[in-house]
Amino acid sequence: MNPFYMIELQLDLPALLRFLASQGLNRSDDDDDLGYGVHAWMAAAFGELAPQPWRLFVGKSRPARVLGYAAHDAAELRQRLLEFADPSVVAVCAEPDTAIASREMPAVWRTGRRLAFEVQCCPVARKARTGVEKDLFLVRADHRGAPGLRRDAVYCEWGREQLERHDAARVDAIRLEGFRLVRQTRKDRESGERRVCRRIVRPQALLRGELTVRDPEAFAALLRRGVGRHRAFGYGMLLLSPAP
């Protein structure tokens, strides 16, 4: 299996917001996420080399940063940025030599290895009759009836299914540690080739727990692919640490 890397990008948030404004992607509310904006910036910065899945971290006391998985290391991303990106795009990583870092991920995860995990995800599903995407909790409520149905149980069941797919891992414990509804921007095609922005509200869930690796190749593929939908927009990156 080809190597892949964890990428860290330190972002100048004001420069990112200026870039988004120049693209007509202004944020209009504190409940908006920056998923589409960072996706648009990374496409302009790195093209097909852009990390996916990835996750944005924004804190009051630390610079904004992105962690992601990619098939290309920091040197390749840096070269692509400096050779081809517009100045407003480069300004978001003002010091590329230090603002873009990487490390190679392990090629093999030993069968039976216990790990703690964390994943910020977007638990959604499509309604059977209409195909419309909807909060997974609401889809299950429509199907099973709402009385007694708990959001945390629905999301944890879904997370377990995602992580255990293809026998990649056994989930030993899983819990919902954060939830909110966020306004997201997406672009869809209308008739012809014209693409238009639309605003949608989707669930953002933070799942944590412990797992045991069962199939090393399937587990490595899970890391590369990510968990759930909207992985190009800041969801689904599986972060690992030693199990307690």
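For the structure itself, look to the data block above.
Residues numbered from 1 in each chain as written. Predicted model: local features only at pLDDT ≥ 70, side-chain atom pairs only at ≥ 80, totals over all residues. Heavy atoms only, no water.

**Side note on the side chain of Arg78**
Step number 1: The residue Arg78 is located in helix 3 (residues 74–84) in this model.
Step number 2: A distance of 3.0 Å separates a polar side-chain atom of Arg78 from the backbone oxygen of Pro96.
Step number 3: Those residues within four positions of Arg78 in sequence are excluded, and the remaining contacts are Pro96, Asp97 and Ile100. (Helix = DSSP H or I, 4+ residues; strand = E, 2+ residues; numbered from the N terminus. Polar contact = N/O pair within 3.5 Å; in protein donor to acceptor, adjacent residues only side chain to side chain. Contact = heavy atoms within 4.5 Å.)

**Quick notes on the pairing of strand 2 (residues 54–57)**
Step number 1: Both strand 2 and strand 3 (residues 64–70) contribute to a ladder of four bridges, which runs antiparallel. Across the sheet, Arg55 pairs through a bridge with Leu67, a residue of strand 3.
Step number 2: Hairpin connection from strand 2 to strand 3: six residues lie between these consecutive antiparallel strands. (Pairing = 2+ DSSP bridges.)

**Re helix 7 (residues 151–164)**
Step number 1: In this model, helix 7 (14 residues) spans 20 Å end to end at C-alpha, consistent with the 20 Å of a helix rising 1.5 Å per residue.
Step number 2: Every buried residue of helix 7 is listed here: Val154, Tyr155, Cys156, Trp158, Gly159, Gln162 and Leu163.
Step number 3: With its phi angle positive at about 60 degrees, His166 sits one or two positions after the end of helix 7. (Expected span 1.5 Å × (residues − 1). Buried < 20%, exposed > 50% of the residue type's maximum accessible area, 1.4 Å probe, protein only.)

**As for the packing of aromatic side chains**
Step number 1: Considering all chains together, one arrives at five aromatic pairs under this definition.
Step number 2: Ring geometry for Phe4 and Tyr69: centres 5.6 Å apart, planes at 70 degrees, overall edge-to-face. You can see Phe4 sitting in the segment before strand 1 (5–11) and its partner Tyr69 sitting in strand 3, a full 65 residues away along the chain.
Step number 3: The class of Tyr69 is buried, set by a relative accessible area of 2%. (Phe/Tyr/Trp six-rings, centres within 6.5 Å; stacked < 30°, edge-to-face > 60°.)

**Overview of the sheet that holds strand 2**
Step number 1: Ordered by their spatial adjacency, four strands build an open sheet running 2-3-1-4, and the pairing between neighbours is antiparallel. Every other strand in the sheet has two partners, leaving strand 2 and strand 4 (100–104) as the edge strands with one partner each. This sheet shows a mean twist of 15 degrees between the axes of neighbouring strands, independent of strand direction.
Step number 2: Sheet topology places strand 1 next to strand 3; seven bridges connect them, and they run antiparallel. Of the residues in strand 3, the one forming a bridge with Leu11 is Ala64.
Step number 3: Against the sheet, helix 3 contacts strand 1 and strand 4, and its axis sits at roughly 150 degrees relative to strand 4. (Axes fitted to C-alpha atoms, helices over the stretch in contact; angles between N-to-C directions.)

**Quick look at the pairing of strand 5 (residues 114–121)**
Step number 1: Here strand 5 lies mainly inside the structure; seven of its eight residues are buried.
Step number 2: Where strand 5 meets strand 10 (residues 238–242), five bridges bridge the pair, whose relative direction is antiparallel. Counterpart to Leu115 in the pairing with strand 10 is Pro242.

**Some words on the environment of Pro244**
Step number 1: Looking at the secondary structure, you find Pro244 in the segment after strand 10.
Step number 2: The contact partners of Pro244, leaving out residues within four places of it in the chain, are Arg114, Ala116 and Glu210.

**Details of the pattern of salt bridges**
Step number 1: Taken as a whole, this structure holds 18 salt bridges when the rule is applied.
Step number 2: Two residues, Glu118 and Arg55, come together in a salt bridge whose shortest N-O distance is 2.7 Å. With a gap of 63 residues between them, Glu118 in strand 5 and Arg55 in strand 2 connect regions that are remote in the sequence. Each member of the pair Glu118 and Arg55 is classed as buried.
Step number 3: In this structure, Asp135 and Arg151 form a salt bridge, with 2.8 Å as the shortest nitrogen-oxygen distance. With Asp135 in strand 7 (residues 133–135) and Arg151 in helix 7, this pair connects stretches of sequence that are 16 residues apart.
Step number 4: Among the ionic contacts, a cluster of salt bridges with common partners joins Arg55, Glu118, Arg175, Glu177, Arg208 and Glu210. (Salt bridge = Lys/Arg side-chain N within 4 Å of Asp/Glu carboxyl O.)

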